[in-house]
Every structure is written in C-alpha cells, then in structure tokens.
Amino acid sequence: MSRYSAFDRFTLKAATKAAEMMMAPANRREVFDQFVMTVTAVTELSDHMRRITFHAPEFASFAVTGPDEYFGLLMATGRELVMPADDRINVRTSLRAMPEDTRPDLRWYTVRAHRQDVAEIDVDFVVHGDAGPGTRWARRAIAGDKAGFRAGGSAYRPPAGGSVLLAADETALPALAAILEVETRPVHVFVEVPDESYRVDLDVEWVLRGDAEPGSAVLKAIQDKALSTVEYAWACGESALATGVRRHLVKDRGVDRKAIMFSGYWKVGSARM
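Residues numbered from 1 in each chain as written. Predicted model: local features only at pLDDT ≥ 70, side-chain atom pairs only at ≥ 80, totals over all residues. Heavy atoms only, no water.

A. The packing of helix H5 (residues 216-224) against helix H6 (residues 239-253), seen in detail. With their axes 9 Å apart at the nearest point, H5 and H6 run at an angle of 20 degrees to one another. The pairing of H5 with H6 is recorded here as roughly parallel in orientation. Crossing hand, H5 versus H6: right-handed. Between H5 and H6, the residues in contact are Val-218, Leu-219, Ile-222 and Gln-223 and Leu-241, Gly-244, Val-245, His-248 and Arg-253, respectively. Each residue belonging to the contact of H5 with H6 can be placed in one class, and the counts come to five nonpolar, three polar and one charged. (Axes fitted to C-alpha atoms, helices over the stretch in contact; angles between N-to-C directions. Helix = DSSP H or I, 4+ residues; strand = E, 2+ residues; numbered from the N terminus. Parallel < 35°, antiparallel > 145°, perpendicular 65-115°, else oblique. Left-handed = near helix turned anticlockwise from the far one by under 90°. Contact = heavy atoms within 4.5 Å. Nonpolar A, V, L, I, M, F, W, Y, C, P; charged D, E, K, R; others polar.)

The structure is reproduced here in structure tokens:
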C-alpha cells in the first residue's frame, strides 16, 4: 500500500500532466525516499565550487533517474536536525506543518556522483558569499555534520537521436557536467558565468555576464549563433535565463515547446525553497 494519500497521488499525476503540456517530460519517481546522511569529506574544487561527499546506508540501494538527478537538502536551523514527516509527496507541505523552531531549511541540489558500492554521493555547491542557507551551510560543513536527503527526480530526457542544445549558468554547472559525462552525441552548449573565475574544465561556449542581467548574455549568444536545427533543449539556471532561452527557441526558431526542458534554479531577489 502506498505511503501517500490518494489526494497526494492525484495531485502529482495532475501536476505532471500539466507540466508535460508545456515542456519536455522529466524522469519521475513514485516514491520519494527521505533519510539522514553524514558528511564524510569536503573538497575545494575551485574558488567558487565546493564538493561535499555524503554517506548514508540508504545510498547502497538508491537509484538515480537520470544524469541531472536532483534532491532536497534539509539543513538544521537549530542545534539538531529534525526531519519532516515522509508521508507527503510534496515535502514543503510536511515542512509547513512543523514548528518554526525545529523546521529545517530546504534547498535543491544535483547529485554529481553516486557510488552505490560505498553508499556515497558527491554534491558540488556553487558558493559565492552567504547568498542563502544552502551556501552558508556548505561553506561551514565539515566531516561528521548531518543533513537530510529528500529524493527528487531528474530533468534531462532527450530523444535517442537529434540535435541537442544545453544552456546553463553557474548554478547549473554541476547538473550540466553530469549530463556531458553521459551524452555522446555532438551538442551545442552555452554557459553564462559572472566572470572568468567561474570557468571550469568543460568544453562549452563560455559567456561572461559581467554587470548584465542574469540570462541576457547567454540569450544573445544563442540568438547570434547559426544553428541548423534544435530537436531538444535543456535550459536551467536563473529564471530569466530559462524562460528567455525557451521563448527564443519556440518563437524565433520554431522548436516545439514540448521538446524543451527548462527550470529556474533561482530568481534574482527571491529565495527558492
């Protein structure tokens, strides 16, 4: 018997159907595992990226749904981590039911690597200042720290053949890197970053944002590029980047909106929970 109510299952089904009328289908889960994990290692990858390795026995049987697998990171706001109830499909509903003084913060991240044999995952955090609870937690994390894991899903689900366009900003670099590790066909890849210091070792077209509005520089780069066809696109990062790239592909290049996966990882001036 499902751990979720009939109402929750119906709501998820309806939301999935509605989303697939507007964008490319994602990789979905039926059950959203939730458990506590422990930091086992912290590695500085660059000035702006920190890799944190987590261990939990449950990772030995956990399976990702796609290369850009995302999960909810639950971070204690008090002295101890208190996990929300796991009987709701929407974890935010469970969080709202908790007392404010024990309610953990929730932010979403990519599973950069998953090693079932040792029950570990790597998560790459793009850190810049104390921009939010996720960044603050990642900057201070040390081996032995606890955090919660809430399973999500994955967005990258291209057809077997055809040309692919990928667009991202610095916050989507971990997901993009994971996709490029498994993608074997030629792809058009555009990445917008604030400045040169955010570049990593990826074979992509780098676009420097500078003081421009997020998403504007990469959108211009794509608009100026002579592309033969685009049969699938994945655009993730700041909200304006994701929606701007989608709008251009649909209106100016005639790409089917159901062939574009787009997601706003963040939005200028707003917190994403």
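B. Broad picture of the packing of aromatic side chains. Scanning all chains against the criterion turns up twelve aromatic pairs. Both rings, one in Tyr-109 and one in Phe-125, keep their centres 4.5 Å apart while their planes meet at 50 degrees; by these two values the pair is tilted. Taken together, the positions of Tyr-109 in strand E4 (residues 105-110) and Phe-125 in strand E6 (residues 120-126) put the pair 16 residues apart, joining distant regions of the chain. We classify Tyr-109 as buried; its relative accessible area is 16%. Accessibility expressed as a relative area gives 1% for Phe-125, which makes it buried. Consider the rings of Tyr-156 and Tyr-232, whose centres lie 5.6 Å apart with planes at 80 degrees: the pair is edge-to-face. Within this pair, whereas Tyr-156 is found in the loop between strand E7 (146-153) and strand E8 (164-169), its partner Tyr-232 is found in strand E11 (residues 232-238), the two being separated by 76 residues in sequence. Ring pairs connect the aromatic residues Phe-35, Phe-59, Phe-62, Phe-71 and Phe-149, which therefore count as one cluster. (Phe/Tyr/Trp six-rings, centres within 6.5 Å; stacked < 30°, edge-to-face > 60°. Buried < 20%, exposed > 50% of the residue type's maximum accessible area, 1.4 Å probe, protein only.)

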